[in-house]
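# Observations on the model geometry
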Amino acid sequence: VNTATDGFFTASQDGRVVECNDIYCRMLGYSRKELLQLHIADIEADESPEDMAAHISKIVEQGRDRFDTRHRCKDGSLIHVEVNVTMPYIGADRFLFAFVHDISARKADEAALMRARDEAERANQAKSEFLSRMSHELRTPLNAILGFGQLLKRANLGELQTDNVGEILHAGRHLLELINEVLDLARIESGKLTISLEPVPLLPLLNDCLGLIRPQAENSGIELGESAAGCNESVLADQTRLKQVLLNLLSNAVKYNRPRGSVTLTCKLHAGVHPNGAIQI
C-alpha cells in the first residue's frame, strides 16, 4: 500500500486507526506515529460520532461502501476525499480497509460550475426584466404611431395614400403583437406560456402576411404572388404565432431567393390526415 497513489488506512470495528501508508500521512500532515494514535472520529469532519458509528454498522452489514466526505488535517484544514471501504476478515476479526482519494480539485471545479450556473441564472433573470421593461417602453411610441395612423386613415386621402396608411397600420399592429411576444419570454422561462387555439381563416391571414412582406420583396427585386391561392379553409392554431411563423418563412424565401426570383404562396387540403381534414401550407 505504500506504493499506491491514494492514501490508505486500516481501522478496527470500533474506529481505532491501526495501520496507514505514507501517502495518507502526507495528505493529513501527520507522522505515522501520530496517525496511529487517532480514532476515525478525529479525522472525519462531516459525520458526528453517532452518525459515524451508524455508518460503520452499515459497512459491517454490507461489507463495503464508497462515499465522499471531508477529512480533517493536523493543521485543522479540511480536504475533500472519496473513500472506498471494505471489511475483510483478518483471522477472526474484521477490519476497515479504506482507500482515500483526494478530490479537492474536483470539488473546486464543481463549485466553480455552480457559481457559473448561478451567475447565468442571474444574468437570465436580468435579461427577462430588461425585455419586459423595454417592451413596455416600446408600446408608448408604437401606440402613438397607430393612433396617428388611424387619424390619417379617416382623412380625405387619395387611394394610394390610403393604401400606404393601411400598410403602416398593418405593420404597426403586427409589431405590437411581436412586442407582446417579447413579454411572453418571461412566461416561457417560467413554464406559464399559454397557447390560444382557435379556428383561423387562412386567406385573410396569408394575404396580410404577403402585404407585410411585399416591401421587402420589392426592395430585393423578388416577385411576390398577389394572393394565397386556394386557401379558403380554416386551421386550428394560435393566430399570432402562426402569423409569425409564416412571416419568418416568407422573409427567408425573399432573403435567400435567387436574383429576380419569385415567391408563391399556396395551400392544399389533404383529406384523411384528420377527420376534418388538414391544411398543408
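Given the structure is predicted, the values throughout are model-derived calculations rather than measurements.

Where helix α7 (residues 202–219) meets helix α8 (residues 239–255), the axes come as close as 10 Å, and the angle between the chain directions of the two elements is 35 degrees. In the packing of α7 onto α8, the handedness of the crossing is right-handed. The residues of α8 that touch α7, namely those facing Leu205, Leu206, Asp208, Cys209, Leu210, Leu212, Ile213, Gln216 and Ala217, are Gln239, Leu242, Lys243, Leu246, Leu247, Leu250, Ser251, Val254 and Lys255. Looking at the contact of α7 with α8 residue by residue, the classes come out as 12 nonpolar, three polar and three charged.

Turning next to unusual backbone geometry. The backbone of Arg260 sits at a positive phi, close to 55 degrees, despite the residue not being glycine. Along the chain, Arg260 falls in the loop between α8 and β10 (262–263).

A word on the pairing of strand β4 (residues 78–86). Along β4, the buried face is formed by Ile79, Val81, Val83 and Val85; none of Leu78, His80, Glu82, Asn84 and Thr86, which line the opposite face, is buried. For strand β3 (residues 64–72) and β4, the ladder comprises nine bridges, and the chain directions are antiparallel. Considered in β4, the bridge of Arg64 is made with Thr86. Here β3 folds back onto β4, and the loop between the two strands holds five residues, one of which, Gly76, carries a positive phi near 95 degrees. As paired strands, β4 and strand β6 (residues 93–102) are joined by six bridges and run antiparallel to one another. Residue pairing for β6: Thr86 is matched across the bridge by Phe97.

Take the packing of aromatic side chains next. Counted under the stated rule, the structure contains three aromatic pairs. Summarising the aromatic geometry, the rings of Phe8 and Phe99 are spaced 4.8 Å apart at their centres and angled 50 degrees between planes, so their arrangement reads as tilted. You can see Phe8 sitting in strand β1 (residues 7–12) and its partner Phe99 sitting in strand β6, a full 91 residues away along the chain. Classification of Phe8 as buried rests on a relative accessible area of 5%. Given the relative accessible area of 36%, Phe99 is considered partly exposed. On the numbers, 5.3 Å between centres and 25 degrees between planes, the contact of Phe9 with Tyr24 is stacked. Separated by 15 residues along the polypeptide, Phe9 in strand β1 and Tyr24 in helix α1 (residues 22–28) bring together distant segments of the chain. Neither Phe9 nor Tyr24 differs from the other in exposure class; each is buried. One aromatic cluster is present, formed by Phe8, Phe97 and Phe99 through successive ring pairs.

Calculation criteria
All residue numbers here refer to positions counted from 1 along the written sequence of the relevant chain. Whole-chain, interface and lining totals are the exception, using all residues; otherwise, since this is a predicted model, local features are given only for residues with pLDDT of at least 70 and side-chain atom pairs are given and counted only at 80 or more. Where side-chain values are given, they derive from all heavy atoms of the structure, hydrogens and water being excluded. Axis definition: a line fit to C-alpha positions, over the contact stretch in the case of helices; interaxial angles, taken between N-to-C directions, run 0 to 180 degrees. Numbering of helices and strands runs from the N terminus; a helix is a DSSP stretch of H or I covering at least four residues, while a strand is a stretch of E covering at least two. Two helices crossing with the near one rotated counterclockwise from the far one by less than a right angle form a left-handed crossing, whereas a clockwise rotation gives a right-handed crossing. When checking whether two residues touch, look at their non-hydrogen atoms; a contact exists if any pair is within 4.5 Å. Under the grouping applied here, Gly and all other residues not named as nonpolar or charged are polar, the nonpolar ones being Ala, Val, Leu, Ile, Met, Phe, Trp, Tyr, Cys and Pro and the charged ones Asp, Glu, Lys and Arg. For each residue, the accessible area found with a 1.4 Å probe, counting protein chains only, is set against the maximum for its type, and the residue is called buried under 20%, exposed over 50%, and partly exposed in between. Strand pairing is defined by DSSP finding a minimum of two bridges between the two strands. Any Phe, Tyr or Trp ring, taking Trp's six-membered ring, that has another such ring centre within 6.5 Å forms a pair; planes under 30 degrees apart are called stacked, those over 60 apart edge-to-face, and the others tilted.

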